[in-house]
Amino acid sequence: MNARLAISANAGDKGATGRIFFLDLAGGRLLSANPDGSDLRTLVEEGRKLPDGLAIDVAAGHLYWTNMGNPKANDGSIMRSDLDGGNMTTLVPPGATFTPKQIQIEATTRKLYWSDREGMRVLRANLDGSSIETLVDTSRGDPRPGPDATKWCVGIAVDIEGGKFYWTQKGGDNAGQGRILRAGIDLPRGQTPANREDIESIYEELPEPIDLDIDQGSRMLYWTDRGDPPRGNTVNRAPLEASEGKRPTPEIVFDHLMEGIGLALDPKGGRMFITDFGGTIYSANLDGSQRKTLQFALGNLTGIAYAELSADPVVKKKRRVLLKRSVQPRNSDQPNHKRG
């Protein structure tokens, strides 16, 4: 049985506590821990569905994640559960997205955004999975699933303040073809996802850019790169805005990852959380200082998310009662089973 979190989603509570949630692709697991890596719990075990992207809707008390499925088949999906892993449901069923990767929630418009790798698209939908829209189509007429890695969309971030969304196209393995692009939140009138003219290339010739996140306070874009050193296996950052022709070289703030994948910022706490495919979770300040290893050898880790949740005293009281009941001595007429 999966461990359950006795935490509610009442944001702003004085007893608020942070949690990190992250995915193990190899084990098909969704896990959670305290921000220092303690209290590690498995919330969901789905098996070989290849979970990749993860997002949290604190207000509604929901976790969202993508399952890549078989990259050669149109069987990717998007799932939702309660914060404790219960009430799991399929929001975007197999057949509606090929290989969904990073996923983000835009809280103002209450929309899900995600990148579809072999589908060569950026998409969004309502939080219940309805009204799926294609925002960008990079296929240029290629059949799906697409074989050209330069057209694969992987990471996603939404800057509602700037009216843009950002995504990565990683290119081939260590090919130096990685790109970060952006476009307007709304599709320009009279244009299609395949021919929209507002797409800007922010950075090119990157090793393999993967997940994205934005620090709205400093107006900085952060991303992981799973390519080879020196530019790869890193966390990078750069300003969202820059004068034309004067965009600075990305700053490497974290290095020596084992294929860096997941990234989650906690701007309020001035820190970030990172996962790599080698199975390690790290934390560091937003400038890369105070680097810490929180957990290691956990499988092949992908998406990660951070949230401040509130420790509901009613829930905590119920949990104590359940724990007390679970340790009551057995009646003398009940069999004594060995623990396995």
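Whatever comes next refers back to the structure up there.
Residues numbered from 1 in each chain as written. Predicted model: local features only at pLDDT ≥ 70, side-chain atom pairs only at ≥ 80, totals over all residues. Heavy atoms only, no water.

**Observations regarding the overall build of the chain**
At step 1: Secondary structure summary: the chain contains 1 helix and 24 strands in total.
At step 2: Within the chain, the fraction of its 340 residues that count as buried is 53%.
At step 3: Considering only contacts in the chain between residues 6 or more positions apart, those separated by 24 or more positions represent 45%.
At step 4: Within the structure as shown, the chain displays about 15,700 Å² of accessible surface, and the carbon and sulfur contribution to it stands at 47%. (Helix = DSSP H or I, 4+ residues; strand = E, 2+ residues; numbered from the N terminus. Buried < 20%, exposed > 50% of the residue type's maximum accessible area, 1.4 Å probe, protein only. Contact = heavy atoms within 4.5 Å. Areas by Shrake-Rupley, 256 points an atom, 1.4 Å probe, with all protein chains shown as cover.)

**Describing the nonpolar core**
One recurring pattern in soluble globular proteins: nonpolar side chains tend to sit buried together.
At step 1: Membership of the largest hydrophobic core comes to 15 residues, with the highest contact counts inside it found for F21, L30, L54, I56, L63 and W65.
At step 2: Looking at this core, the elements that each hand over two or more residues are β1 (16-24), β3 (41-45), β4 (51-57), β5 (62-67) and β24 (301-310).
At step 3: If one sorts the elements of this core by residue count, β24 sits on top with 3 residues.
At step 4: Ignoring any residue separated from it by four or fewer positions in sequence, one finds L54 in contact with F21, F22, L23, L30, Y64, W65, I103, G303, I304 and A305. (Core = buried A, V, L, I, M, F, W, Y, C linked by side-chain atoms within 4.5 Å.)

**Details of the side chain of S115**
At step 1: As for its placement among the helices and strands, S115 is situated in strand β9 (residues 111-116).
At step 2: Apart from residues lying up to four places away in sequence, S115 is in contact with T99, P100, K101, Q102, R121, V122, C153, V154, G155, I156 and W167.

**Considerations on the sheet that holds strand β11 (residues 133-137)**
At step 1: The 4 strands are arranged β8-β9-β10-β11 in an open sheet whose pairing can be described as antiparallel. Edge positions in the open sheet fall to β8 (100-106) and β11, since each of these has one partner strand only. Across the sheet, the mean angle separating the axes of adjacent strands is 20° when strand polarity is ignored.
At step 2: In this sheet, β11 lies alongside strand β10 (residues 121-126) in antiparallel orientation, the contact comprising 4 bridges. Across the sheet, the residue bridging to L123 is T134, located in β11. (Pairing = 2+ DSSP bridges. Axes fitted to C-alpha atoms, helices over the stretch in contact; angles between N-to-C directions.)

**Observations regarding the environment of D137**
At step 1: You can see D137 is positioned in strand β11.
At step 2: Put simply, D137 and R121 are 16 residues apart on the chain and 4.6 Å apart in space, counted from C-alpha to C-alpha.
At step 3: Residues within four places of D137 in sequence aside, it is in contact with M120, R121, R144, P193 and A194.
At step 4: In terms of polar contacts, D137 uses its side chain to reach the side chain of R144, at 2.9 Å. (Polar contact = N/O pair within 3.5 Å; in protein donor to acceptor, adjacent residues only side chain to side chain.)

**Focus on the side chain of E46**
At step 1: Tracing the sequence through the fold places E46 in the loop between β3 and β4.
At step 2: E46 sits in the buried class, given a relative accessible area of 17%.
At step 3: A distance of 2.8 Å separates a polar atom in the side chain of E46 from a polar atom in the side chain of W65.
At step 4: Leave out the neighbours within four places in its chain, and E46 touches G28, W65, N67, M79 and M88.

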